[in-house]
Amino acid sequence: MGMTYNIDAKSAIIDLLTAALKTTAPDASNAVITLERPKQILHGDFSCNVAMQLAKTLRAKPREIAEKLVANLPSSPLLDKAEIAGAGFINLFLNRAHKQSVVNHILAAGLHYGESSHGAKLKVQIEFVSANPTGPLHVGHGRGAAYGACLANVLAVTGHEVTREFYINDAGRQMDILATSVWLRYLAARGTTVAFPADGYRGDYVHDIARALEVAHGDQFQREFTAAVVTPSEDTDAALDALIASAKTALGEDWRLLHQYALDAMLADQRDDLAQFGIIYDRWFSEQSLHDSGEVARAIETLQGNGHLYQKDGAMWFRSTTFGDEKDRVVCRENGQYTYFASDIAYHLNKVERGYDLMIDVWGADHHGYIARVRGALTALGANPDKLTVTLVQFAVLYRGGEKVAMGKRSGDFVTLRELRKEVGEDAARFFYVLRKSDQHLDFDLDLATSRTNENPVYYIQYAHARVCSVYAQWGGDPATLADVNCSPLTSEAEITLLQKLAEYPELVGLAARELSPHLIAFYLKDLAGLFHSYYNNVRFLADVADEREARLALAAAVRQVLANGLTLLGVSSPEKM
């Protein structure tokens, strides 16, 4: 089987260069050495530019420094040779037997290839989607859902202890508007028509909840109620608030029941939608619970005690400008009601008190201005704001036939996540959402996502996986027997390139975790699939010579394993037939 595969060849090479630097220039031996992966196989496995970095300090030409470093490199079974290129780059070539042994290592590690303990069991909480429970999830929520879920998977396999959380905005005015909208539809269905407010929730789903309410509770919510209670007003907010107040008065004790019924119906819908999209949360956290437990009041009292609040126009304000916000923010209105921001402050304090080392909030890009005030509130509470990282997700714009897709059918004013999933399938939706960096604009091409062509990246990658399975079907042997195969026949340029790509995978997963960028895995899988398809088209796997046949089948098995591992992180399936 040749030499034992060193999972972290990169670190081993850095150690060799560090030793060479100590000999060459002891005074500069604390210089940071970084390695890059060259774009072309002819330039080796790693490239180092430390000679250029040190030219000024050592007052020497980079190429001369590089020559000395190469001369002073300790010998290692890992390293085949080191060459100097251009102005002073050091290109390092790993031993071929080492490269070949990555296949055996992947087949031995199986599902665990790519895992690491870099996260050192840091406790990480990722809070994502957290959509208002006032309507179905739309395609914008879908992108945050796919990103948050993939990021959680990447962090989990790199040794972090991950909690996935959904924050339910179940307190406040929007829920009151939903409950009132449901009640008016319920009354209309029972023959009592009340003028529907312009700012009420209008989607078909409101009618659905109203019908279910009637089936479950009959005439329990029937009240004599006319539109006369709402005086026409230029202030639609005031009119809507008056309508909500009238509904609360008319329903009395039944208001809470109606409110809870509407909330439960919407949460059940969102939970089901996300579960079908492959997203399961560890915790659903209720905003209302922060009010009920007194945590909102306690957080605001703490801010007041720390001297960060003041009164103006009867309201209580947080001095968020002290912490870089563009203006101060109200935390308690003059009517004594806490704002959404007050709930957010209490929620983030609650997260801190649960002992997370890192809290990642996944927000829509339109919430960018919110970051400074939440971090400011944590600082003002005496917590470490650096424990909070906010990642922003841009909206996704759908295209069909090269045209922007018009707004949705069922929901009133947007395309739902359900509609998208139904059209393109779970796999394409999950993959296309993470095909760009989360804070970059995303054009989602529906035609491409449903096409069975090489231009469709998810099809292209899954097809590479299925192709390996078809090779096994032709071969008829047991893939488990390939784990200890001698891979020394893998010497062509295409094979060496594939071996290099496979060896990069654990390093890439680590980078995706550090940079909170699961899209890097999508890019990697596209590249790996491309290399494999090209290899597949140019080689006979079932070669006549047994050693060649077994080595190629083992290489294909390693490719299949890495494709499957990467797709699993993205929440995408690995079909055996296409």
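A brief look at the structure comes next. (Residues numbered from 1 in each chain as written. Predicted model: local features only at pLDDT ≥ 70, side-chain atom pairs only at ≥ 80, totals over all residues. Heavy atoms only, no water.)

**Examining the sheet that holds strand β7 (residues 283-286)**
Then, in step 1: Strand order in the open sheet made by the 5 strands is β7-β6-β5-β11-β12, with parallel pairing throughout. Looking along the sheet, the strands with just one partner apiece sit at the ends: β7 and β12 (388-393). Strand after strand, the sheet turns through a mean of 25° between neighbouring axes, direction not considered.
Then, in step 2: With respect to the sheet, helix α12 (residues 340-353) is in contact with β5 (123-127), β6 (161-168), β7, β11 (358-364) and β12, its orientation differing from that of β11 by roughly 150°. (Pairing = 2+ DSSP bridges. Helix = DSSP H or I, 4+ residues; strand = E, 2+ residues; numbered from the N terminus. Axes fitted to C-alpha atoms, helices over the stretch in contact; angles between N-to-C directions. Contact = heavy atoms within 4.5 Å.)

**Points about the side chain of Arg354**
Then, in step 1: Relative to the helices and strands, Arg354 resides in the loop between α12 and β11.
Then, in step 2: Of note is the side chain of Arg354, whose polar atom sits 2.8 Å from the side chain of Asn350.
Then, in step 3: Among residues more than four places away in sequence, those in contact with Arg354 are Lys123, Gln125, Glu165, Arg283, Phe285 and Tyr347. (Polar contact = N/O pair within 3.5 Å; in protein donor to acceptor, adjacent residues only side chain to side chain.)

**Remarks on the nonpolar core**
Then, in step 1: Val103, Ile126, Trp183, Leu420, Tyr433 and Phe444 are the most contacted members of the largest nonpolar core, which totals 126 residues.
Then, in step 2: At 12 residues, the largest contribution of residues to this core is made by helix α20 (residues 546-569).
Then, in step 3: Among all residues touching Val103, those that are not within four sequence positions of it are Cys487, Leu490, Leu499, Ala554, Leu555 and Ala558.
Then, in step 4: Grouped together as the second largest cluster of nonpolar side chains are 32 residues, Tyr167, Leu309, Ala342 and Ile371 included. (Core = buried A, V, L, I, M, F, W, Y, C linked by side-chain atoms within 4.5 Å. Buried < 20%, exposed > 50% of the residue type's maximum accessible area, 1.4 Å probe, protein only.)

**Structural notes on the packing of aromatic side chains**
Then, in step 1: Considering all chains together, one arrives at 24 aromatic pairs under this definition.
Then, in step 2: Centroid distance Phe277 to Tyr433: 6.3 Å. Interplanar angle 80°. Geometry classified as edge-to-face. Here the residue Phe277 occupies a position in the loop between α9 (254-276) and β7, and Tyr433 occupies one in helix α15 (residues 426-433), the gap between them amounting to 156 residues. Of the two residues, Phe277 and Tyr433, both sit in the buried class.
Then, in step 3: Among the aromatic side chains, those forming a connected cluster through ring pairs are Phe318, Phe323, Phe341, Trp363 and Tyr370. (Phe/Tyr/Trp six-rings, centres within 6.5 Å; stacked < 30°, edge-to-face > 60°.)

**A short note on the sheet that holds strand β13 (residues 396-400)**
Then, in step 1: Read from one edge to the other, the open sheet built from 3 strands follows the order β14-β13-β15, with strand pairing classed as mixed. In this open sheet, the two strands that pair with only one neighbour each are β14 (403-404) and β15 (442-445).
Then, in step 2: The sheet contacts of α15 involve β13 and β15, and relative to β15 the element is tilted by about 155°.

**Brief notes about the packing of α12 against helix α13 (residues 370-380)**
Then, in step 1: Following both chains from N to C, one finds α12 and α13 inclined at 55°, their axes separated by 10 Å at the closest point. Overall, the two elements α12 and α13 adopt an arrangement that is oblique. Note on packing geometry: the crossing formed by α12 with α13 is right-handed. Residues Tyr340, Phe341, Asp344, Ile345, His348, Leu349 and Val352 of α12 form the contact with α13, whose own contacting residues are Tyr370, Arg373, Val374, Ala377 and Leu378.
Then, in step 2: Broken down by class, the residue content of the contact of α12 with α13 amounts to 9 nonpolar, 1 polar and 2 charged. (Parallel < 35°, antiparallel > 145°, perpendicular 65-115°, else oblique. Left-handed = near helix turned anticlockwise from the far one by under 90°. Nonpolar A, V, L, I, M, F, W, Y, C, P; charged D, E, K, R; others polar.)

**Details of the environment of Gly191**
Then, in step 1: Relative to the assigned elements, Gly191 resides in the loop between α6 (173-189) and α7 (204-217).
Then, in step 2: With a relative accessible area of 63%, Gly191 lands in the exposed category.
Then, in step 3: With 31 residues separating them along the chain, Gly191 and Gln222 place their C-alpha atoms 10.0 Å apart.

**Quick word on the pairing of strand β3 (residues 79-85)**
Then, in step 1: Pairing of β3 with strand β4 (residues 89-94) involves 6 bridges; the strand directions are antiparallel. Residue pairing across strands places Ala82 opposite Leu92, the latter belonging to β4.
Then, in step 2: Hairpin connection of β3 to β4: 3 residues between the antiparallel strands, including Gly86 at a positive phi of 55°.

**Topic: helix α8 (residues 236-251)**
Then, in step 1: Helix length check: α8 (16 residues) gives 22 Å between terminal C-alpha atoms against 22 Å at 1.5 Å per residue, within 8%.
Then, in step 2: For α8, the full list of buried residues reads Ala239, Leu240, Leu243, Ile244, Ser246, Ala247 and Leu251. Projected down its long axis, α8 carries its buried residues within an arc of 160°, all on one side.
Then, in step 3: Turning to α8, the residues buried within the fold contact α6 and α9.
Then, in step 4: Directly beyond the C-terminal end of α8, a positive phi value near 55° is found at Gly252. (Expected span 1.5 Å × (residues − 1). Arc of directions from axis to C-beta.)

**Details of unusual backbone geometry**
Then, in step 1: A positive phi angle, near 40°, is found at Ser130, a position not held by glycine.
Then, in step 2: Within the secondary structure, Ser130 sits in the loop between β5 and α5 (139-157).
Then, in step 3: Not every positive phi belongs to a glycine, and Asp313 is a case in point at roughly 55°.
Then, in step 4: Turning to its location among the elements, Asp313 is positioned in the loop between β8 (309-312) and β9 (315-318).

**Some remarks on the pattern of salt bridges**
Then, in step 1: Enumeration according to the criterion identifies 31 salt bridges in this entry.
Then, in step 2: Notably, a salt bridge pairs Arg211 with Asp208, separated by 2.6 Å at the nearest N-O pair. In this pair, Arg211 and Asp208 are both assigned in helix α7, 3 residues apart and thus about one turn of the helix distant.
Then, in step 3: Residue classification places Arg211 among the partly exposed residues on the basis of a relative accessible area of 45%.
Then, in step 4: The partner of Arg418 in a salt bridge is Asp273, with the nearest N and O atoms 3.9 Å apart. Note that Arg418 is positioned in helix α14 (residues 417-424) and Asp273 in helix α9, a separation of 145 residues in sequence.
Then, in step 5: Arg418 gets classed as partly exposed once you look at its relative accessible area, which sits at 28%.
Then, in step 6: Since its relative accessible area comes to 0%, Asp273 is described here as buried.
Then, in step 7: Beyond isolated ion pairs, a larger network of salt bridges with shared partners links Asp269, Asp272, Asp273, Arg418, Arg421 and Glu426. (Salt bridge = Lys/Arg side-chain N within 4 Å of Asp/Glu carboxyl O.)

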